[in-house]
Amino acid sequence: LMNDLDLLVVGPDSGGGQFYYGNGLESWDETHGTQAVRDSLNNVERVSVENAGAGLWQVQVMGADIPYGEQRFAIVVTGAREHTDPTGECGRVAQCPNRCSGNGLCDRGQCRCRVGHSGVGCALEDRELK
């Protein structure tokens, strides 16, 4: 691939929702257990959610590595839905520092870190003081 785009769908659950990365790839480690990971190999990515709950779902396309300038893309959605684009950013690739280190969501160029992570690019792991 020349430019690497990643698909991320976020469910409507409160507190940030469930993350669904394109193509459903997972990794495992002793500290975090099984986690969804981004697909850096394929130029077509898909998210399928059985029995999707009602509410606001976010679909994001993130520029993981775009050395050759602007990259256009298309999104296809099936099922019951309403489309909203309150920011007018639909069709633009969001670029965040270090892709939020896999520990957060890229929101118009700013990382929104998952619980337990902080800092620019969500690279810092929060630890409890004892």
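Draft legend 1. Here's a closer look at the state of the cysteines. Counted according to the given criterion, the structure contains two disulfides. The disulfide bridge from cysteine 100 ends at cysteine 111, spanning 2.2 Å between sulfur atoms. On the sign convention where negative is left-handed, the bridge of cysteine 100 and cysteine 111, at about -100° about the S-S bond, is left-handed. Taken together, the residues cysteine 100 in the loop between strand 5 (58-65) and strand 6 (104-107) and cysteine 111 in strand 7 (residues 110-113) connect sequence positions eleven residues apart.

Draft legend 2. Main features of a nonpolar patch on the surface. Taken together, the side chains of Val59, Ile75 and Val77 make up a nonpolar region of the molecular surface, amounting to roughly 230 Å² of accessible area. If you trace the backbone, isoleucine 75 turns up in the loop between strand 5 and strand 6. Residue class for isoleucine 75 comes out partly exposed when judged on its relative accessible area of 41%.

Draft legend 3. A look at the side chain of histidine 117. Tracing the chain through its elements places histidine 117 in strand 8 (residues 117-118). The class of histidine 117 is buried, set by a relative accessible area of 14%. In contact with histidine 117, not counting residues within four places along its chain, are His32, Asn103, Cys122, Leu124, Glu125 and Asp126.

Draft legend 4. Broad picture of unusual backbone geometry. Even without being a glycine, asparagine 23 presents a positive backbone phi close to 70°. Here asparagine 23 shows up in the loop between strand 2 (19-21) and strand 3 (26-29). Asparagine 23 gets classed as partly exposed once you look at its relative accessible area, which sits at 29%. A positive phi angle, near 55°, is found at serine 101, a position not held by glycine. Summarising the element assignment, serine 101 is placed in the loop between strand 5 and strand 6.

Reading guide: rules and limits
- Residues numbered from 1 in each chain as written.
- Predicted model: local features only at pLDDT ≥ 70, side-chain atom pairs only at ≥ 80, totals over all residues.
- Heavy atoms only, no water.
- Disulfide = S-S within 2.5 Å.
- Helix = DSSP H or I, 4+ residues; strand = E, 2+ residues; numbered from the N terminus.
- Patch = residues over 30% accessible without salt bridge, like charges linked within 9 Å, V, L, I, M, F, W, Y side chains within 5 Å.
- Areas by Shrake-Rupley, 256 points an atom, 1.4 Å probe, with all protein chains shown as cover.
- Salt bridge = Lys/Arg side-chain N within 4 Å of Asp/Glu carboxyl O.
- Buried < 20%, exposed > 50% of the residue type's maximum accessible area, 1.4 Å probe, protein only.
- Contact = heavy atoms within 4.5 Å.

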